[in-house]
Amino acid sequence: MPTTDRLSIRKINYLLISLLLLASLASCGFQLRESVAIPEDFGPVKITGISEFSSMYKAVRNALRQSSIEITQDSSAANHILVINRVRNERRVLSVDSSGKVAENELIKSINFQLLDRDGNSVTEPQTISTNRSYAVPESAGLGTALEDQEISRSMEESLVARMLRYLAGRI
């Protein structure tokens, strides 16, 4: 068999395997990580209670945009108002080594929120959700620990926002 025939058979096999994988992903209900199905008439949404420059605001904004929900700053144009009452960040030492240095940390993040309709009436009661993550601190802790804290915190915010949006999607 000539080399070009083998290549075309490989291409066909590769294409068939790719199509099979795509079909299996679609049939199992695969969605991108942390994406939430929210009805389009949910928006536009105004986000209040936290600074628009905060990482939590950005996480909420990005998640809503990923769900094709428009964000507005104008209360009169909003179908809903998402009030973020409180965002809490904590770090606790879980363990220390024999020389008294921190060996393991725990990050705790929580968010308290409420959804209002355009007239300011409560759609949901205030809710608080939280998440925590623990991680080992390397012996040569330095800048790496701060960067690890930031990455873990960002991941926790995304997780909290996804949980909040799933909760809201189930209430509207």
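Residues numbered from 1 in each chain as written. Predicted model: local features only at pLDDT ≥ 70, side-chain atom pairs only at ≥ 80, totals over all residues. Heavy atoms only, no water.

Asks: Can you lay out the overall build of the protein for me, pointing to particular residues and giving the numbers?
Replies: In terms of helices and strands, the protein carries three helices and four strands. The helix and strand sequence of the protein, counted from the amino end, reads α-β-α-β-β-β-α. Here the analysis covers contacts within the protein between residues at least 6 apart in sequence; of these, 66% occur between residues at least 24 apart. Carbon and sulfur atoms make up 53% of the accessible area of the protein, which totals about 10,800 Å². (Helix = DSSP H or I, 4+ residues; strand = E, 2+ residues; numbered from the N terminus. Contact = heavy atoms within 4.5 Å. Areas by Shrake-Rupley, 256 points an atom, 1.4 Å probe, with all protein chains shown as cover.)

Asks: If you had to explain the environment of Arg-91 to someone new, which residues and values would you point to?
Replies: Note that Arg-91 resides in strand S2 (residues 80-96). Sequence-wise, Arg-91 and Arg-133 are 42 residues apart; in three dimensions their C-alpha atoms are separated by 9.7 Å. The residues touching Arg-91, leaving out its near neighbours within four places in the chain, are Asn-105, Glu-106, Leu-107, Tyr-135 and Asp-149.

Asks: Please set out the sheet that holds strand S4 (residues 127-136) residue by residue, giving values where relevant.
Replies: One open sheet holds the four strands; their spatial order is S1-S2-S3-S4, and the pairing between them is mixed. The open sheet has two edge strands, strand S1 (45-48) and S4, and neither has a second partner. Here the strands of the sheet are splayed against their neighbours by 25° on average, with no regard to which way each runs. In terms of strand pairing, S1 meets S2 through four bridges, oriented parallel. Residue pairing in the sheet places Lys-46 in a bridge with Ile-81 of S2. (Pairing = 2+ DSSP bridges. Axes fitted to C-alpha atoms, helices over the stretch in contact; angles between N-to-C directions.)

Asks: Can you explain the nonpolar core? Please cite residues and give values.
Replies: Of all hydrophobic cores here, the largest spans 24 residues; its most connected members are Leu-64, Leu-82, Phe-113 and Met-164. Elements with a contribution of two residues or more to this core: S1, helix H2 (55-66), S2, strand S3 (102-117) and helix H3 (143-169). The contacts of Leu-82, once residues within four sequence positions are left out, are Val-45, Lys-46, Ile-47, Thr-48, Val-60, Phe-113, Gln-114, Leu-115, Met-164 and Leu-168. (Core = buried A, V, L, I, M, F, W, Y, C linked by side-chain atoms within 4.5 Å. Buried < 20%, exposed > 50% of the residue type's maximum accessible area, 1.4 Å probe, protein only.)

Asks: Residues and numbers for the pattern of salt bridges, please.
Replies: This structure, assessed with the given rule, holds five salt bridges. The salt bridge involving Arg-154 is made with Glu-151; its shortest N-O contact spans 2.2 Å. Here Glu-151 and Arg-154 lie together in helix H3, a separation of three residues that amounts to about one turn. On the accessibility criterion, Arg-154 (36% relative accessible area) is partly exposed. For Arg-154, the salt bridge identified is with Glu-158, shortest N-O distance 2.5 Å. Taken as a pair, Arg-154 and Glu-158 lie in helix H3 at a separation of four residues, close to a single helical turn. When salt bridges that share partners are traced, they join Glu-151, Arg-154 and Glu-158 into one network. (Salt bridge = Lys/Arg side-chain N within 4 Å of Asp/Glu carboxyl O.)

Asks: Could you give an account of the side chain of Glu-106, with specific residues and numbers?
Replies: In this fold, Glu-106 is placed in strand S3. A distance of 2.4 Å separates polar atoms of two side chains, one belonging to Glu-106 and the other to Arg-92. Only 2.6 Å separates the side chain of Glu-106 from the side chain of Asn-132, close enough to count as a polar contact. Excluding residues that lie within four positions of it along the chain, Glu-106 makes contacts with Glu-90, Arg-91, Arg-92, Leu-94, Asn-132, Arg-133 and Ser-134. (Polar contact = N/O pair within 3.5 Å; in protein donor to acceptor, adjacent residues only side chain to side chain.)

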